[in-house]
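# Architecture at a glance
Each chain is listed here by its residues.
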Amino acid sequence: MTSTRGAWSLAGILAGAAGLATSYLTANLLSIRESPVVAVAEDVIRLTPGPVAEAAIDLLGHRDKAVLVAGILVVVTVLFAVVGHLARRSWWAPVLILTALALAAATAVLLPQGTANATDALPVLAGFVTWLVALSLLAAPLRTADAATESTVPGEPAAAMPESSRRGFLIGAGAVAGTVAVAGVLGRFVGAGRREVERIRGLLRLPGVSAPQVPPRAIIGAEGISPWLTSATDFYRIDTAIAIPVVNPSDWRLRIQGLVDREIELTFDELNAFEKTEAWVTLNCVSNPVGGDLIGNAWWSGVRVATLLADAGVQPGADAVLQTSEDGWTCGTPLEALTDDRDAMLAVAMNGKPLPIEHGFPVRTIVPGLYGYVSATKWVVDLEVTRFADIQAYWTEKGWAERGPVKLASRIDVPDSGAEVAAGEVAVAGVAWAQHTGISAVEVAVDGGAWQRADLADPGTIDTWVQWRAVVDLEPGEHRIVVRATDAEGLVQTDVERDVLPDGATGRHGIDLSVSG
Ligand SMILES: Nc1nc2c(c(=O)[nH]1)N[C@H]1C(S)=C(S)[C@@H](COP(=O)(O)O)O[C@H]1N2
Ligand SMILES: [Mo]
């Protein structure tokens, strides 16, 4: 036993706490909904089997999450002490444990497909770097002390820690503890803005917003198919924002300007005084590869853009609207798509609730039939009526097409590609979409054979995806199943494979199955 033993564990705990604090601060600086520790807790809750979760809620009431977070903190504190203890003899063991912890946290943060974004992993990175820096800072004086006391004869009482090392360690420990306190308090302070806006959002009652009612015939009843209504949590998220715009509805203004007779400025209340329109609209990203999941379907409520543009009085010669978001992102939308009968809207609600902050709270644009990058401005604050010839927007500047009508596409959801299934009749199901044109048929073919018609659900609108289901007869062996859709104008989905750049992928989605006899 030497006198530094407890100090090593303390070093581990302090360094660990510093990493948690900087990750918390970073999450709040970037307005990320949750710190990594809370993300882990939420995933644990999400992945907990129903009966277990119910028992926990019975036992703990609504404190279940707080208790879970506390439990996670206890576990990691023990781990941090172990890390400190191991750091005495080895550099790689602590690095290994901390890396594993960071990877687990990053996975937890990125796991909820819909709401997560690659930048959401930045807090974990900040925490990881802090762990390593703080641990090496605290280890240096302890290592010197250990070297000085190592010559101690076994059995004799340990030599005291040399005064200089002791001072070095205390200064380091003070600095690290200070970091914990400052980052924690600062994180709480900068996080207050988002908490306040979340609170306001939770209390908002928006006139003319109704709860989603899935049209009964929109559901084909195939097991494992993506739900027709995408929940806000599962809805894909794409934006260029590093720090998510957090907009208080009472500060929000929309300006309509450019080639108009009268400029208009609206507050959130003024916007909500207009009559609402509500619709099911499937939104998808131009970057969605064939078979990909950057697509979701929701019930949107908002105010028709056409009404507002008519109030402003669009001048002749205009063919575009340059939309700008609170964070400066821009897109150019064809004027026609905003004024024709497709009911493009300034949406204030998604699935019957005020927009989630990640999906554009308090107001975003939704235009059926266009990819998100040319239409679906989140946190929208400005509409400039203009001409395509006179503008550049965020993505068009980077080589993406000026116009972005969605392309006819279809996807197989079940079975998974690579699955093993039993020979005989196999149900194949998925979704097909051609927003604002509509789907008239979906067909599947096995191993390049004859096309076979799938059954189609009927969502009752041409602006959403359509579920389909087919039953194919499979012999034992390896098989490939491919899908193709036909739109309501008779266009058959092409088999020409195109990359997502510049205006959306084309090609047909296929899956490979191993069929056992
Ligand atoms: N302010 C802002 N709005 C934006 C974007 C963005 O980067 N910033 N990305 C667009 C893109 S490319 C898509 S596909 C949709 C995605 O909307 P979602 O994140 O709600 O699914 O938002 C669009 N609106
Ligand atoms: Mo996108």
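Relevant structure appears above.
Residues numbered from 1 in each chain as written. Chains lettered and ligands numbered in written order. Predicted model: local features only at pLDDT ≥ 70, side-chain atom pairs only at ≥ 80, totals over all residues. Heavy atoms only, no water.

## Points about the overall build of the protein chain
Where we set the bar: For helices the rule is a DSSP run of H or I covering at least 4 residues; for strands it is a run of E covering at least 2, with both sets numbered from the N terminus onward. Relative accessibility thresholds used throughout: buried, under 20% of the residue-type maximum; exposed, over 50%; partly exposed, between the two (1.4 Å probe, protein chains only). Throughout, a residue-residue contact means that at least one pair of heavy atoms, one from each residue, lies within 4.5 Å. In short, Shrake-Rupley with a 1.4 Å probe defines the accessible areas, and a residue's cover is counted only from the protein chains shown.
Counting its secondary structure elements, the protein chain contains ten helices and 19 strands. Each of the three principal axes of the protein chain carries a C-alpha extent, and together these read 90 × 70 × 50 Å. The proportion of buried residues among the 517 residues of the protein chain is 50%. Long-range contacts, defined here as pairs at least 24 residues apart, represent 75% of the contacts in the protein chain between residues at least 6 apart. Summed over its atoms, the accessible surface of the protein chain is roughly 23600 Å², and 58% of this surface lies on carbon and sulfur atoms.

## Topic: the pattern of salt bridges
To keep it simple, the criterion reads: Salt bridges are defined as contacts in which a side-chain nitrogen from Lys or Arg sits within 4 Å of a carboxyl oxygen from Asp or Glu.
Taken as a whole, this structure holds 18 salt bridges when the rule is applied. A salt bridge links R194 to E198, with the shortest nitrogen-to-oxygen separation between them at 2.7 Å. On the criterion of helical spacing, the pair formed by R194 and E198 is a turn pair, its members being four residues apart in helix α7 (residues 163-203). For E198, a relative accessible area of 26% corresponds to the partly exposed category. Here the salt bridges do not stand alone but share partners, grouping D120, R237, D239 and K378 into one network.

## Comments concerning the packing of aromatic side chains
Here is the rule we go by: Two rings from Phe, Tyr or Trp (for Trp, the six-membered ring) form a pair when their centres sit within 6.5 Å of each other. Planes less than 30 degrees apart are called stacked, planes more than 60 degrees apart edge-to-face, and all others tilted. Comment: the charge-over-ring label is applied if NZ (Lys) or CZ (Arg) is within 6 Å of the ring centre and within 35 degrees of the ring normal.
Tallied over the entire structure, the rule returns nine aromatic pairs. Between W252 and F268 the ring centres are 6.1 Å apart and the planes differ by 85 degrees, which places this aromatic pair in the edge-to-face class. With W252 in the loop between α7 and β1 (253-258) and F268 in helix α8 (residues 268-273), this pair connects stretches of sequence that are 16 residues apart. Of the two residues examined, W252 and F268, each falls in the buried class. Considering the side-chain rings of Y394 and W395, the 4.9 Å spacing of their centres and the 75 degrees angle between planes classify their relative orientation as edge-to-face. The class for W395 is partly exposed, based on a relative accessible area of 27%. Taken together through their ring pairs, the aromatic side chains of Y373, Y394, W395 and W400 make up a single cluster. Across the ring face of Y394, the terminal group of K398 is positioned such that the distance to the ring centre comes to 4.0 Å.

## Some remarks on the sheet that holds strand β5 (residues 320-325)
To keep things clear, this is the line we draw: Whether two strands pair comes down to DSSP finding at least two bridges between them. All axes here are fitted lines through C-alpha atoms, helices being fitted over the stretch that makes contact, and every angle between N-to-C directions spans 0 to 180 degrees.
Overall, mixed pairing links the five strands, which are arranged β2-β1-β10-β5-β6 in an open sheet. Looking at strand neighbours, the two that pair on one side only are β2 (264-267) and β6 (330-334), the edges of this open sheet. Within this sheet the neighbouring strands show an average axis-to-axis angle of 20 degrees, counted without direction.

## Comments concerning helix α9 (residues 305-312)
Test applied: The directions considered for the arc run from the helix axis to the C-beta atoms.
Taken as a whole, α9 has its buried residues at V305, L308, L309 and A312. Around the axis of α9, the buried residues are gathered within 100 degrees of arc, so they sit on the same side. G313 sits one or two positions beyond α9 and adopts a positive phi of about 80 degrees.

## Quick notes on the site of ligand 1
What counts, and what does not: Nearness is judged by heavy atoms alone; a residue qualifies as near a molecule or strand once a single heavy atom is within 4 Å of it. Nonpolar residues are Ala, Val, Leu, Ile, Met, Phe, Trp, Tyr, Cys and Pro. Charged residues are Asp, Glu, Lys and Arg, and all others, Gly as well, are polar.
Near ligand 1 there are 19 residues, and of these Y236, T240, H359, R364 and K378 occur at the shortest range. The protein chains hide 99% of the 530 Å² of surface that ligand 1 would expose on its own. Across the shell around ligand 1, the residue classes break down as nine nonpolar, five polar and five charged.

## Observations concerning the pairing of strand β14 (residues 439-446)
Here β14 lies mainly inside the structure; six of its eight residues are buried. Pairing between β14 and strand β18 (residues 477-487): seven bridges, direction antiparallel. Residue pairing across strands places V444 opposite V483, the latter belonging to β18. Of the pairings in the sheet, the one linking β14 to strand β15 (residues 452-453) comprises two bridges and is antiparallel in character. Within the sheet, the bridge partner assigned to V444 lies in β15 and is Q452. Here β14 hands over to β15 after five residues, with D447 in that stretch at a positive phi of 50 degrees.

## Points about unusual backbone geometry
With an omega of 5 degrees, the peptide bond running from F361 to P362 counts as cis. Looking at the element boundaries, P362 is found in the loop between β8 (353-354) and β9 (364-366). In this model, D343 sits at a positive phi of 60 degrees, which is unusual for a non-glycine residue. Residue position: D343 is located in the loop between α10 (335-339) and β7 (345-350). For D343, a relative accessible area of 28% puts it in the partly exposed group. Phi angles above zero are rare outside glycine, and N351 is one such case at about 50 degrees. Its location among the elements puts N351 in the loop between β7 and β8.

## Focus: the side chain of K378
This is how it is decided: The definition of a polar contact used here is a pair of N or O atoms within 3.5 Å, where within protein one atom must be able to donate a hydrogen and the other to accept one, and adjacent residues in sequence count solely through side-chain atom pairs.
Turning to its location among the elements, K378 is positioned in the loop between β9 and β10 (380-386). What makes K378 buried here is its relative accessible area of 8%. A polar contact is formed between the side chain of K378 and the backbone oxygen of I238, at a distance of 3.1 Å. Beyond its immediate sequence surroundings of up to four residues, K378 is in contact with R237, I238, D239, S325, E358, H359, G360, V363 and R364.

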